[in-house]
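Architecture and fold: a report
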Amino acid sequence: MPLAALSGPQYLREGLKLILSPGLRLFVILPLTVNLLLFCGLIYLAVRQFGGWVDAFMPNLPEWLMFLEYIIWPLFVVLVVLIVFFTFTMLANIIAAPFNGFLAEKVETVARGVDSAPPFSWGELLAMLPRTLGREARKLAYFVPRALALLVLSFIPVVNLVAAPLWLLFGVWMMAVQYIDYPADNNKLSWAEMMVWLRQRRWKSLSLGAVTYAALLIPFVNLLIMPAAVAAATLFWVREGGKTTMSTVADS
């Protein structure tokens, strides 16, 4: 693994600093407020139902193997946490999609040194709505079959022991896909072309996805990490020559 593949934390740190700057702060406030309400509602539901969800995923062990329950129970706690996290992230990103696309556009403008304080425009934001929601639907089409396969795997005795690690690996990859998609879509890169672009930078993409995934697991901090991840992914896009390498990706 090249050392450059460990650049994820640096990108996220820069992204967080960027969204807190006066010129971009306004683009973060609205989605942050909506996601705060969503997050509080989901946490309330999870606290009430958590024990039942863990019991539903736990395999029924024969009496002579009951001692293993104390060993594998933490794995299924992790599994439920990952599923709750995925649900929140999916819903939050759908709600925030137009704002995130708009934020990515403004961050790219700043990153390229064109304007340090781009103006806010409701008209521009609304114009992006159909395209960004369509792109979120494409992400769901990619995510849902794979998530369902992992969910089915979670109910198969013995085999379900690998479900949590696979959820984790898939989640890291999805974080890269989720956030790189905003600047890629703004620059008219198709879904297939974007996936090729990401795979060509697999380790760097996974590094960004991993640090984003870890930060998003921290309650309440994750609300600020989402826009920071949009900014981080946009910086990644710009510095990896996203706009200038589009023709190369299309030909590969």
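Residues numbered from 1 in each chain as written. Predicted model: local features only at pLDDT ≥ 70, side-chain atom pairs only at ≥ 80, totals over all residues. Heavy atoms only, no water.

The name an unreviewed UniProt entry gives the protein chain is Sulfate transporter CysZ, with Stutzerimonas xanthomarina DSM 18231 as the organism. Taken from UniProt, the Sequence similarities (unreviewed entry) comment for the protein chain reads in full: "Belongs to the CysZ family." Regarding the protein chain, the UniProt comment filed under Function (unreviewed entry) reads as follows: "High affinity, high specificity proton-dependent sulfate transporter, which mediates sulfate uptake. Provides the sulfur source for the cysteine synthesis pathway." (UniProt positions renumbered as here; feature names shortened; annotations may be inferred.)

Unfilled space is identified by rolling a water-sized probe across the atoms. Under the counting rule described, the total for this entry stands at 4 cavities of 30 Å³ or more. In this structure, the largest cavity encloses a volume near 140 Å³. Together, 12 residues line the largest cavity, and Met-90, Asn-93, Phe-143, Met-174 and Gln-178 are the ones closest to its centre. The element that contributes the greatest number of residues to the lining of the largest cavity is helix α3 (residues 69-111), accounting for 5 residues. Considered class by class, the residues forming the lining of the largest cavity number 7 nonpolar, 3 polar and 2 charged. (1 Å grid on protein atoms, 1.4 Å probe; cavity = no way out; pocket = protein on both sides within 12 Å on 5 of 7 lines; lining within 4 Å. Points joined across faces, edges and corners; volume = space filled by probe spheres on them. Helix = DSSP H or I, 4+ residues; strand = E, 2+ residues; numbered from the N terminus. Nonpolar A, V, L, I, M, F, W, Y, C, P; charged D, E, K, R; others polar.)

In this structure, the second largest pocket encloses a volume near 160 Å³. Together, 10 residues line the second largest pocket, and Ile-83, Thr-87, Phe-143, Ala-147 and Trp-167 are the ones closest to its centre. Residue assignment for the lining of the second largest pocket shows that the elements contributing at least two residues are α3 and α4 (122-154). When residues of the lining of the second largest pocket are assigned to their parent elements, the largest contribution, 5 residues, is made by α4. Split by residue class, the lining of the second largest pocket holds 9 nonpolar, 1 polar and no charged.

Moving on, we get to the side chain of Asn-187. Counting through the fold element by element, Asn-187 comes out in the loop between α5 (163-186) and α6 (191-200). Exposure remark for Asn-187: the relative accessible area of 10% places this residue in the buried category. For Asn-187, the side chain forms a polar contact with the main-chain oxygen of Pro-183, separated by 2.8 Å. (Buried < 20%, exposed > 50% of the residue type's maximum accessible area, 1.4 Å probe, protein only. Polar contact = N/O pair within 3.5 Å; in protein donor to acceptor, adjacent residues only side chain to side chain.)

All right, on to the UniProt feature "transmembrane region" (unreviewed entry) in the protein chain then. UniProt tags residues 26-47, 67-96, 140-159 and 205-238 as "transmembrane region" (unreviewed entry). Segment residues 140-159 splits into 75% helix and 0% strand. End C-alpha atoms: 26 Å apart. Annotated as 88% helix and 0% strand, the span residues 205-238 places its first and last C-alpha atoms 13 Å apart.

Moving on, we come to the environment of Glu-105. Structurally, the position occupied by Glu-105 is in helix α3. What makes Glu-105 partly exposed here is its relative accessible area of 25%. Glu-105 sits 129 residues away from Thr-234 along the chain, and the two C-alpha atoms are 8.3 Å apart.

All right, on to the packing of helix α1 (residues 8-19) against helix α7 (residues 202-216) then. Viewed as axis vectors pointing N to C, α1 and α7 meet at an angle of 60°, and their least axial separation amounts to 7 Å. With respect to their mutual orientation, α1 and α7 come out oblique. Here α1 and α7 pass one another in a crossing that is right-handed. Residues Gly-8, Pro-9, Tyr-11 and Leu-12 of α1 pack against Ser-207, Leu-208, Val-211, Thr-212 and Ala-215 of α7. Here the residues of the contact of α1 with α7 sort into 6 nonpolar, 3 polar and no charged. (Axes fitted to C-alpha atoms, helices over the stretch in contact; angles between N-to-C directions. Parallel < 35°, antiparallel > 145°, perpendicular 65-115°, else oblique. Left-handed = near helix turned anticlockwise from the far one by under 90°. Contact = heavy atoms within 4.5 Å.)

This brings us to the nonpolar core. Among the nonpolar cores identified, the biggest contains 57 residues, and Leu-12, Tyr-179, Ile-180, Met-194, Met-195 and Leu-198 are the most heavily contacted of them. Of all the elements in the fold, those that place two or more residues in this core are α1, α2 (26-57), α3, α4, α5, α6, α7 and α8 (221-239). Those residues in contact with Leu-198 that sit more than four places away from it in its chain are Trp-173, Ala-176, Val-177, Ile-180 and Ser-205. (Core = buried A, V, L, I, M, F, W, Y, C linked by side-chain atoms within 4.5 Å.)

For an α-helix, the turn length of 3.6 residues means that residues three or four places apart are oriented alike. The terminal C-alpha atoms of α1 lie 17 Å apart, and with 12 residues this matches the ideal 16 Å at 1.5 Å per residue to within 8%. For α1, the full list of buried residues reads Gly-8, Tyr-11, Leu-12, Gly-15, Leu-18 and Ile-19. Seen end-on, α1 carries its buried residues on one side only, within an arc spanning 125°. Structural note: α1 exposes Arg-13 and Lys-17 on the side pointing more than 90 degrees away from its buried face. (Expected span 1.5 Å × (residues − 1). Arc of directions from axis to C-beta.)

So, about α8. If you check α8, its first and last C-alpha atoms are 26 Å apart, about what 19 residues at 1.5 Å a residue would give, namely 27 Å. Its maximal kink placed at Pro-227, α8 deviates by approximately 25°. Taken across its 19 residues, α8 has 16 buried, putting it largely inside the fold. (Bend = angle between axes of the 7 residues up to and from the residue.)

What follows concerns the packing of α4 against α5. At a minimum axis separation of 11 Å, α4 and α5 run at an interaxial angle of 170°. It follows that α4 is roughly antiparallel to α5 by the angle criterion. Partitioned by chemical class, the residues of the contact of α4 with α5 number 15 nonpolar, 4 polar and 7 charged.

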